[in-house]
Amino acid sequence: MENYLYKCQYCGKEFKPNRRHKQKFCSNSCRVNSFNKNKVKDAVVKTIKGVETEKPLQIEKMSLAGFGNAAAGTLAVKLATNIFTSQESKSATKGDLKNLLASLKQRYHPIIGLPIRPDGSTAFYDMQTQTVVYQKKTINYGT
C-alpha cells in the first residue's frame, strides 16, 4: 500500500488510495461527477458559424404519438395527391399493365389516325398477319 497522500482530481482533497497507482479520485461520487463534467464538456456543439453552445447532445426518441403523427401526415399527403392528380397523370399499376397485355392479345386493334372509308369500313391492325385491314362494324340490335 501507498504511505503518502494523493490529491483528488475532482475536488482537490487529499486522500490515501486503496489501490496502488490506479485511484485518481477520493470517492465514487467524485469519480462519477468528474465523468459527467467531462461528458458535458465533450458534448459542446459548434454551430455552422463556429459559435459554441453549452447544450449537450441529445438523442431524440420516437414516441407512439410521433409515430401516429407521421402516419397521419403520410396518409393525408397520399390522399391529397390522389384527389388532385388527374387520371392521365397517375402512374400505371400492375393491374393496369396486366389489362394492357390482355388487350394486346386480341387479333384486331383499331387504328385511330386513318379515316373511315366511304363504304363505312374502318382500319384495323391485324396482329397475326401484321397488316392493315379494313372491316365493317356490324351493329347488333339485340336480335
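Our structure is the block above this text.
The structure presented is a predicted model; accordingly, all values stated were derived computationally and were not measured. (Residues numbered from 1 in each chain as written. Predicted model: local features only at pLDDT ≥ 70, side-chain atom pairs only at ≥ 80, totals over all residues. Heavy atoms only, no water.)

Asker: Before we go on, may I ask you to explain the side chain of S121 in this structure?
Answerer: Inspection of the secondary structure puts S121 in strand β6 (residues 121–126). Looking at S121, its side chain comes within polar contact range of the side chain of D119, at 2.9 Å. With near-sequence residues (within four places) excluded, S121 lies in contact with I116, Y134, Q135 and K136. (Helix = DSSP H or I, 4+ residues; strand = E, 2+ residues; numbered from the N terminus. Polar contact = N/O pair within 3.5 Å; in protein donor to acceptor, adjacent residues only side chain to side chain. Contact = heavy atoms within 4.5 Å.)

Asker: Even after reading the chapter, I still don't get the side chain of D126, so can you show me in this structure?
Answerer: Take D126: it is sitting in strand β6. Separated by 2.9 Å, the side chains of D126 and T129 make a polar contact. Not counting the four nearest positions on each side in its chain, D126 is found in contact with R107, Y108, T131 and V133.

Asker: Where do I start with the packing of aromatic side chains in this structure?
Answerer: Any two aromatic rings considered together are summarised by their centre-to-centre distance and by the angle between their planes. Under the criterion given, the structure shown has zero aromatic pairs. Sitting above the plane of the Y134 ring, R117 keeps its charged end 3.7 Å from the centroid. (Phe/Tyr/Trp six-rings, centres within 6.5 Å; stacked < 30°, edge-to-face > 60°. Lys NZ or Arg CZ within 6 Å of the ring centre and 35° of its normal.)

Asker: Just to check I follow, could you spell out the state of the cysteines for this structure?
Answerer: Among covalent bonds in proteins, the disulfide is the one between the sulfur atoms of two cysteines. This structure, assessed with the given rule, holds zero disulfides. Not part of a disulfide, C11 finds its nearest cysteine sulfur in C8, a span of 3.6 Å. For C11, a relative accessible area of 43% gives the class partly exposed. (Disulfide = S-S within 2.5 Å. Buried < 20%, exposed > 50% of the residue type's maximum accessible area, 1.4 Å probe, protein only.)

Asker: Sorry, what's going on with the pairing of β6 here?
Answerer: Two faces, one strand: in a regular strand the side chains alternate between the faces of the sheet. Burial analysis of β6 places five of its six residues in the buried class, which makes it a mostly covered element. As paired elements, strand β5 (residues 108–110) and β6 share three bridges and run antiparallel to each other. Residue pairing for β6: P110 is matched across the bridge by F124. By the bridge criterion, six bridges tie β6 to strand β7 (residues 131–136) in an arrangement that is antiparallel. Note on β7: the bridge partner recorded for Y125 is V132. Hairpin geometry of β6 and β7 is characterised by an intervening segment of four residues between the two adjacent antiparallel strands and by a positive phi of about 55° at Q130. (Pairing = 2+ DSSP bridges.)

Asker: Help me understand unusual backbone geometry, please; the structure alone is not making it clear to me.
Answerer: A positive phi angle, close to 55°, is found at Q130, a residue other than glycine. One can find Q130 in the loop between β6 and β7. The class of Q130 is exposed, set by a relative accessible area of 58%.

Asker: Whenever I open this one, the sheet that holds β5 confuses me. Can you help?
Answerer: Within a beta sheet, neighbouring strands are joined by backbone hydrogen bonds and run either parallel or antiparallel to one another. Pairing is antiparallel across the open sheet formed by three strands, whose spatial order is β5-β6-β7. Two strands close off the open sheet at either side, each with one partner strand: β5 and β7. Taken over all neighbouring pairs, the strand axes of this sheet differ in orientation by 45° on average, direction set aside. (Axes fitted to C-alpha atoms, helices over the stretch in contact; angles between N-to-C directions.)

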